[in-house]
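Fold and geometry: a report
One-letter residues, chain by chain:
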Amino acid sequence: MSAQNNDRQRLRLLSANIQAGSSTRRYSDYATRSWSHVLPAGNKRGALDVIARLAGEHDIVGLNESDPGSLRSGFTNQTHYLAQRGGFDYWSHQPNRRVGGVASSANGLLSKLEPIEVTDHALPGRIAGRGVLLARFGEGDVGLTVAVAHLSLGSQSRASQLAFIAELLHDHPHAVLMGDFNCATDRPEMQRLFRETRLQPPACEVPTFPSWSPQRAIDHILASDGLVCAEAIALPAALSDHLALSMELHIPNEALRR
């Protein structure tokens, strides 16, 4: 999917909270379909196939709430499954939370470019179980770094998590941070992130939640000032309660040089 001119390469990025392949079409489903979050019933495999087709149209994909292989997914590592079905040669995941001993959740990364290094970090917070997955695609200080995170619901925990991420990405000219932030970019904790890194606020907010009537822009793809962003668009991620966010980035060739 990538394209190249003399000094920049065009990459398509996708950020998707896939809700482990579960279906949520209205607020009442959180109660009436709560069983789908801990049991393997429901057409989760069909939902993953739909998500794989969408993911396959992109070069780098960040996943949130991808089950790493618990009871509710039929012991399927959903990140691996999406990599195979979507045509990605490289994938990685970061299991974070266990739910009731029968469900688990992870951040995931799918890539058609070979990363030089992938690391994961636990994020601080009042309740343990959040993390950030970090992938490097180019050598040296100017290499492209892509971070995938799923932040907490509480503002105090988000503030400490974003401070931690800011340290990781501080002064990086070619960085991307994407995922489910559980907040809009005008929040005070987000403003600190923009002050302490070279990440830029998006040109416009794209509502992604709830998927059936999007009102809140809480899923983001943030890029540093050394990258050129095209307009972001929201797309259905099967029947997840979040829409996926797709964006085209123009990356300097030096940021991908190995």
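Let me begin by describing the structure that accompanies this report. Just so it is clear, the structure is predicted and the values come from calculations on it, not from any experiment. (Residues numbered from 1 in each chain as written. Predicted model: local features only at pLDDT ≥ 70, side-chain atom pairs only at ≥ 80, totals over all residues. Heavy atoms only, no water.)

This paragraph deals with the overall build of the protein. A tally of regular secondary structure across the protein gives five helices and 13 strands. Sorting the 258 residues of the protein into buried and exposed places 54% on the buried side. When the accessible surface of the protein is summed, it comes to about 11,000 Å², and 49% of that surface belongs to carbon and sulfur atoms. (Helix = DSSP H or I, 4+ residues; strand = E, 2+ residues; numbered from the N terminus. Buried < 20%, exposed > 50% of the residue type's maximum accessible area, 1.4 Å probe, protein only. Areas by Shrake-Rupley, 256 points an atom, 1.4 Å probe, with all protein chains shown as cover.)

A separate point is the sheet that holds strand 10 (residues 219–223). Strands sit in the order 6-7-8-9-10 across an open sheet of five strands; the sheet is mixed. The open sheet has two edge strands, strand 6 (117–122) and strand 10, and neither has a second partner. Across the sheet, the mean angle from the axis of one strand to that of its neighbour is 15°, orientation sign disregarded. Here five bridges tie strand 9 (residues 175–180) to strand 10, and the two strands are oriented antiparallel to one another. Across the sheet, the residue bridging to D180 is D219, located in strand 10. Here helix 4 (residues 155–169) sits on the sheet in contact with strand 6, strand 7 (131–136), strand 8 (145–150) and strand 9, set at roughly 15° to strand 7. (Pairing = 2+ DSSP bridges. Axes fitted to C-alpha atoms, helices over the stretch in contact; angles between N-to-C directions. Contact = heavy atoms within 4.5 Å.)

Nonpolar side chains tend toward joint burial in soluble globular proteins. In terms of nonpolar packing, the biggest core is built from 24 residues, with L144 and V176 touching the most fellow members. Element by element, the count of residues in this core is highest for strand 13 (residues 243–252), at four residues. For V176, the residues in contact, after removing those within four places along its chain, are L13, L144, T145, V146, A147, I221, L222, A223, L227 and L249. (Core = buried A, V, L, I, M, F, W, Y, C linked by side-chain atoms within 4.5 Å.)

This part takes up helix 4. Given 3.6 residues per helical turn, the α-helix brings residues three or four places apart onto the same face. Taking 1.5 Å per residue as the helical rise, helix 4 with its 15 residues ought to reach 21 Å, and the 20 Å between its terminal C-alpha atoms agrees with that figure. Taken together, the buried positions of helix 4 are S157, R158, Q161, L162, A163, I165, A166 and L169. In this structure, the buried side of helix 4 is in contact with strand 7, strand 8, strand 9 and helix 5 (188–196). Just downstream of helix 4 lies D171, where phi reads positive at about 60°. (Expected span 1.5 Å × (residues − 1).)

Now for the pairing of strand 7. For strand 7, the buried fraction is high: five of the six residues fall into the buried class. The pairing of strand 6 with strand 7 spans six bridges and is antiparallel. Looking across to strand 7, one finds that V118 is bridged to A135. Summarising the sheet, strand 7 and strand 8 pair through five bridges and their orientation is antiparallel. Looking at strand 8, one finds that V132 is bridged to A149.

What follows covers helix 3 (residues 78–86). What helix 3 keeps buried is the set Q78, T79, Y81, L82, A83 and G86. The backbone nitrogen of T79 lies 3.2 Å from a side-chain oxygen of the residue at the head of helix 3, namely N77. Phi turns positive, to about 80°, at G87, one or two residues after helix 3. (Polar contact = N/O pair within 3.5 Å; in protein donor to acceptor, adjacent residues only side chain to side chain.)

With that settled, consider the packing of aromatic side chains. Between two aromatic rings, the relevant description is the distance of the centres plus the angle of the planes. Here the structure, examined in full by the defined rule, presents zero aromatic pairs. Over the aromatic face of F88 sits the side chain of K112, whose NZ or CZ is 5.2 Å from the ring centroid. (Phe/Tyr/Trp six-rings, centres within 6.5 Å; stacked < 30°, edge-to-face > 60°. Lys NZ or Arg CZ within 6 Å of the ring centre and 35° of its normal.)

It is worth spelling out the environment of E248 at this point. Checked against the element boundaries, E248 lands in strand 13. Accessibility expressed as a relative area gives 26% for E248, which makes it partly exposed. On a C-alpha basis, the gap between E248 and L13 in space is 6.2 Å, while along the polypeptide they are 235 residues apart. Setting aside anything within four residues of it in sequence, one finds E248 in contact with R10, L11, R12, V228, C229 and A230. A distance of 3.4 Å separates polar atoms of two side chains, one belonging to E248 and the other to R10.

Scanning the model with the defined rule gives seven salt bridges in all. E117 is paired through a salt bridge with R136; the nearest N and O atoms lie 3.0 Å apart. On the criterion of sequence distance, the pair formed by E117 in strand 6 and R136 in strand 7 is long-range, its members being 19 residues apart. The exposure class assigned to R136 is partly exposed, which follows from its relative accessible area of 25%. Three or more residues joined by partner-sharing salt bridges are found here, namely R158, R187 and E189. (Salt bridge = Lys/Arg side-chain N within 4 Å of Asp/Glu carboxyl O.)

Before going further, it helps to examine unusual backbone geometry. Cis peptide bonds are those with omega within 30 degrees of zero, and the linkage from F209 to P210 qualifies with -10°. If you trace the backbone, P210 turns up in the loop between helix 5 and strand 10. Despite not being glycine, Q19 shows a phi value in the positive range, around 50°. Mapped onto the fold, Q19 is located in the loop between strand 2 (8–17) and helix 1 (29–32). Residue Q19 is classed as buried on the basis of its relative accessible area of 2%. The phi angle at A20 is positive, at roughly 55°, despite the residue not being glycine. Structurally, A20 is set in the loop between strand 2 and helix 1.

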